[in-house]
Amino acid sequence: MLRNLKNYYRVKNLSEAVKVLKKGKGRIIPLGGATTISKLDSKNIEGLLELENLGLSYVKDDGKKIKIGSMTTISELLDSKVIEKFADGFLKKAALTVGSTLNRNMITVGGNIYQLYLWSSLPPAFLDLDAKIKVIGSKGRRTIKAEEFFSKLPRKILSYDEIITEVEIDKDKFKGVKSEFIKFSKTKTAYPVISIAVILKKLNKKIKELRIALGSLSPLPQRFEDIEKEYIGKELDERIAEEIAEKIVNKAKIVPDIRASIEYKKEVTKNILKDIILSI
Amino acid sequence: MKIKVLINKEEKEFEVRVNDVLLDVLRRNGYYGVKCGCREGECGACTVLVDGKPVTSCLYPAVRAEGKSITTIEGIENDKIGSVLQEVFLEEGAVQCGFCTPGMILSSKALLEKNKNPSEEDIKLALDGNLCRCTGYVKIINAVKKASKKLRERREK
């Protein structure tokens, strides 16, 4: 519970929002989807900054880039024709694995990538997509590559007065790709034990493009660019798929939790990953 | 602080604290059809519609509801879709203990507002956040299918 929560701020624009956060010196936090606010336990947080109605809910396609506003809900992503058509529906497949419909109507893109909870499916997907995270703060605007943004907990990347405004993805790189996003969990809406995001493009049975990211196995999502590069140009068959999956799980950081051991997670990840690579 | 909302088509003003969730504010003000289940956003018993979208009111900050339209189970008696849903839930035996029923009906109403002819998969997806520990879902899914059929037939007449 936020025992010392006293104030709720509504502002007219982003520059006012940044001023409120700067004044708060970390004691005022921005309100995204707000699904975890009632569960936070802190004596330090004294105010909530409302980010609704600041024009941050949108999905745009300018032909070259897809731009997703940070306050876009997961349900709005699912409803977007732009997202449905892009990269073999990759982001739609990822979004469908986030919580339940009731939660997806609240959870926002910005919140999902900032909090990095177990149910955060967008971070591994954005890693595969080389997404760029745009933020605004008292020192101005900046763009952070997904690779850097997810290199440590985003709260250590962003300053207390910075707000995520948009996620941008280059469309050109993903023409003609196939993709899959699998959440392995005990029930359909349970938190994932493992999340696997794969983008693959083949030309005459040979791998032209391969992107693999894993989520939920450790606090940070992981991508495996060095292993991906090794296999560009190779003909894809069962042996190669198994080799890729084996290398990935051997390199992945996997932490145990109450639901599954490291060994179990490794074995399941390897098998699902191999199946995905062969089936898409 | 005070918030103004349009609740069940009626303008109301509620006294709220910044760390109140909508569920508690609604129940404090007599909307007992909004059930308190898990307080974790997992069971859907507290489902209400905010601007037409079903959300878990146990997680929804009450302050955020300022200026919004809220629908609780109390507000659907005279609603075209809501009243059909109530009829078919009874006809199909989709209600046992009844604790999940307000949430089920509100999530179903939101679905039928958006999708006039949902498939079984659409219904399952729309209700995936509403847990029922009695009926096993078959009768609930059948009820929503029947409601959709009844509403289509009424529109065609």
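Residues numbered from 1 in each chain as written. Chains lettered and ligands numbered in written order. Predicted model: local features only at pLDDT ≥ 70, side-chain atom pairs only at ≥ 80, totals over all residues. Heavy atoms only, no water.

1. Comments concerning the overall build of chain A
A count of helical and extended segments in chain A gives 12 helices and 12 strands. By the compact-globule yardstick of 19 Å for 280 residues, chain A fits well, its C-alpha radius of gyration being 19 Å. With respect to the principal axes defined by its C-alpha atoms, chain A has extents near 60 × 45 × 30 Å. Expressed as a percentage of its 280 residues, the buried residues of chain A come to 54%. For chain A, the exposed surface amounts to about 12800 Å²; the carbon and sulfur share of it is 50%. Looking at charge distribution, chain A has the averaged site of its 54 positive side-chain charges lying 5 Å from that of its 37 negative ones. (Helix = DSSP H or I, 4+ residues; strand = E, 2+ residues; numbered from the N terminus. Rg over C-alpha atoms; globule rule 2.2 N^0.38 Å. Buried < 20%, exposed > 50% of the residue type's maximum accessible area, 1.4 Å probe, protein only. Areas by Shrake-Rupley, 256 points an atom, 1.4 Å probe, with all protein chains shown as cover. Lys, Arg positive; Asp, Glu negative; His and termini not counted. Charge placed at Lys NZ, Arg CZ, Asp CG, Glu CD.)

2. Let's talk about the packing of helix α11 (residues 238–251) of chain A against helix α12 (residues 262–279) of chain A
Geometry of a packed helix pair, given as the angle between the helix axes and the separation of the axes. Residues and elements named next belong to chain A. One way to put it is that α11 packs onto α12 with a least axis distance of 8 Å and a crossing angle of 140 degrees. Every pair of crossing elements has a handedness; the one defined by α11 and α12 is right-handed. In this structure, α11 contributes E238, A241, E242, I244, A245, E246, I248, V249 and N250 to the contact, and α12 contributes K266, T269, K270, L273, K274, I277 and L278. Within the contact of α11 with α12, the residues separate by chemical class into eight nonpolar, two polar and six charged. (Axes fitted to C-alpha atoms, helices over the stretch in contact; angles between N-to-C directions. Left-handed = near helix turned anticlockwise from the far one by under 90°. Contact = heavy atoms within 4.5 Å. Nonpolar A, V, L, I, M, F, W, Y, C, P; charged D, E, K, R; others polar.)

3. Brief notes about the sheet that holds strand β6 (residues 132–137) of chain A
Residues and elements named next belong to chain A. Pairing in this open sheet of five strands is antiparallel, and the strands run β4-β5-β8-β6-β7 from one edge to the other. Edge positions in the sheet fall to β4 (59–61) and β7 (140–145), since each has one partner strand and no second. Each neighbouring strand pair of the sheet contributes to a mean axis angle of 20 degrees, computed without reference to strand direction. Taken strand by strand, helix α1 (residues 14–24) contacts β6, β7 and β8 (163–170), and its axis lies near 125 degrees from that of β8. (Pairing = 2+ DSSP bridges.)

4. Re the interface of chain A and chain B
Across the boundary between the two partners, chain A contributes 32 residues, which contact 29 residues of chain B. The interface formed by chain A and chain B includes seven salt bridges. We note a salt bridge from E52 of chain A to K68 of chain B, for which the minimum N-O separation is 2.6 Å. At the boundary of chain A and chain B, one finds 13 residue pairs in polar contact (both at pLDDT 80 or more). By residue number, the principal contributor to the side of chain A that touches chain B is helix α5 (residues 101–104) of chain A, which donates four residues. Residue composition of the side of chain A that touches chain B, grouped by class: 12 nonpolar, 11 polar and nine charged. (Salt bridge = Lys/Arg side-chain N within 4 Å of Asp/Glu carboxyl O. Polar contact = N/O pair within 3.5 Å; in protein donor to acceptor, adjacent residues only side chain to side chain.)

5. Overview of the confidence of the model for chain B
Low-pLDDT stretches of the model should not have their predicted coordinates read in fine detail. Looking at chain B, the pLDDT average stands at 96 and 100% of residues meet or exceed 70. Interface scoring of the predicted complex returns ipTM 0.97; its pTM is 0.96. (pLDDT = per-residue confidence, 0-100.)

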